[in-house]
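# Structural overview
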Amino acid sequence: ALEREQFADAVASYTRAFDLGFDAPQARYSVGLALMRVGDGESAMVHLLAAVEAEPDMAEAHLLIGTLYAARRDTPRAVHHYERAMEMDATDAVARHSLAYLLGREGIDLERAVARAREATRLQPTTALYHNTLSWLLLKVGDHDGAERAAMRANELSPENELYQTGLDTIRRAKNGAGNGRDEP
């Protein structure tokens, strides 16, 4: 059911399996993922935390836990779980991008945010969103030229995205002294 994106059915099946005594970290992760997809972050968190308690090196569960904590605006816990995901998976661009965006949103440790955003774009160079986030962060730290290059790359990858074009226009205005940066990418 999970593979067919029938998330409510997947939750019901996993719940039945748990009731029958079947319990495994991967099952807890899977039901947590399904619960997130149906919008039940609170229940998802319970299962995802159980998954990492049983299997502490489950990178994908740490990523989702970080996402849930970020949504709650619990930045320290979100950062911790994103970092755990990155430690366990050197190729996880999503965790790097998520951490970069979170730090930028909170306005903390912006140099680290830029570094993580650069890593995400290096790992997935054709993901326009990652280049857009990098441009936003570079603008926040005052690197207008770098921000413009990253925004141009986002626009090359996704020319139909009006938000990316607006971001590029904002960066160009900032370069000419007509603005000081975007609040969100």
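Provided above is the structure to which this section pertains.
In this report, we go over the structure that sits alongside the text. (Residues numbered from 1 in each chain as written. Predicted model: local features only at pLDDT ≥ 70, side-chain atom pairs only at ≥ 80, totals over all residues. Heavy atoms only, no water.)

Okay, the overall build of the protein chain next. In terms of regular secondary structure, the protein chain is built from ten helices and zero strands. When the elements of the protein chain are put in sequence order from the N terminus, they spell out α-α-α-α-α-α-α-α-α-α. The principal-axis extent of the C-alpha atoms belonging to the protein chain is close to 65 × 30 × 25 Å. Looking at the protein chain as a whole, 44% of its 185 residues are labelled buried. A sequence separation of at least 24 residues applies to 49% of the contacts in the protein chain between residues at least 6 apart. Carbon and sulfur atoms make up 47% of the accessible area of the protein chain, which amounts to about 9,500 Å² in all. Considering the protein chain, the positive charge centre built from 21 side chains and the negative charge centre built from 29 side chains are found 4 Å apart. (Helix = DSSP H or I, 4+ residues; strand = E, 2+ residues; numbered from the N terminus. Buried < 20%, exposed > 50% of the residue type's maximum accessible area, 1.4 Å probe, protein only. Contact = heavy atoms within 4.5 Å. Areas by Shrake-Rupley, 256 points an atom, 1.4 Å probe, with all protein chains shown as cover. Lys, Arg positive; Asp, Glu negative; His and termini not counted. Charge placed at Lys NZ, Arg CZ, Asp CG, Glu CD.)

What follows deals with the packing of helix H8 (residues 128-140) against helix H9 (residues 144-157). Packing of H8 against H9 leaves a shortest axis separation of 8 Å and a crossing angle of 160 degrees. Overall, the two elements H8 and H9 adopt an arrangement that is roughly antiparallel. Considering only the axes of H8 and H9, their crossing is left-handed. Taken together, the residues of H9 that come into contact with H8 (itself represented by Ala128, His131, Asn132, Leu134, Ser135, Leu138 and Leu139) are His144, Gly146, Ala147, Ala150, Ala151, Arg153, Ala154 and Leu157. In terms of residue class, the contact of H8 with H9 is built from nine nonpolar, five polar and one charged. (Axes fitted to C-alpha atoms, helices over the stretch in contact; angles between N-to-C directions. Parallel < 35°, antiparallel > 145°, perpendicular 65-115°, else oblique. Left-handed = near helix turned anticlockwise from the far one by under 90°. Nonpolar A, V, L, I, M, F, W, Y, C, P; charged D, E, K, R; others polar.)

With 46 residues, the main nonpolar core has Tyr29, Leu48, Tyr82 and Leu137 as its most contacted residues. Broken down by element, the residue count for this core peaks at seven residues, all from helix H4 (residues 59-71). Sequence-distant contacts of Tyr82, that is, excluding residues within four places in its chain, are made with Leu63, Gly66, Thr67, Ala70, Ala95, Ser98, Leu99 and Leu102. (Core = buried A, V, L, I, M, F, W, Y, C linked by side-chain atoms within 4.5 Å.)

Another point: helix H7 (residues 110-123). Residue pairs spaced three or four apart in an α-helix point in one direction, given the helix's 3.6 residues per turn. Between its first and last C-alpha atoms H7 spans 20 Å; for 14 residues at 1.5 Å apiece the expected length is 20 Å, and the two agree. Every buried residue of H7 is accounted for by Ala113, Val114, Ala117, Glu119, Ala120 and Thr121. Buried positions along H7 lie against helix H6 (93-106) and H8. (Expected span 1.5 Å × (residues − 1).)

Turning next to H9. With 14 residues, H9 extends 20 Å from end C-alpha to end C-alpha; this agrees with the ideal 20 Å at 1.5 Å per step. All of the buried residues along H9 are Gly146, Ala147, Glu148, Ala150, Ala151, Ala154 and Asn155. Turning to H9, the residues buried within the fold contact H8 and helix H10 (162-175).

Positive phi, normally seen in glycine, also occurs at Arg73, with a value near 65 degrees. Examined against the element boundaries, Arg73 turns out to sit in the loop between H4 and helix H5 (75-88). A positive phi angle is found at Asp109, which is not glycine, with a value near 50 degrees. Assignment of secondary structure puts Asp109 in the loop between H6 and H7. Residue Asp109 is classed as partly exposed on the basis of its relative accessible area of 41%.

So, about the pattern of salt bridges. This model, assessed by the stated rule, comprises 14 salt bridges. Between Arg112 and Asp109 there is a salt bridge, and its shortest N-O distance comes to 3.2 Å. Of the charged contacts, one joins Glu119 and Arg116 as a salt bridge, the two residues approaching to 3.0 Å between their closest N and O atoms. Linking Glu119 with Arg116, this pair stays in helix H7, spanning three residues, or about one helical turn. For Arg116, a relative accessible area of 21% puts it in the partly exposed group. Through salt bridges with shared partners, a single network forms among Asp145, Glu148, Arg172 and Lys175. (Salt bridge = Lys/Arg side-chain N within 4 Å of Asp/Glu carboxyl O.)

So, on to the packing of H4 against H5. At their nearest, the axes of H4 and H5 sit 8 Å apart, and the two run at 160 degrees to each other. With respect to their mutual orientation, H4 and H5 come out roughly antiparallel. Handedness of the crossing formed by H4 with H5: left-handed. Between H4 and H5, the contacting residues are Ala59, His62, Leu63, Ile65, Gly66, Thr67, Tyr69 and Ala70 on the first element and Arg77, Ala78, His81, Tyr82, Arg84, Ala85 and Met88 on the second. Looking at the contact of H4 with H5 residue by residue, the classes come out as nine nonpolar, four polar and two charged.

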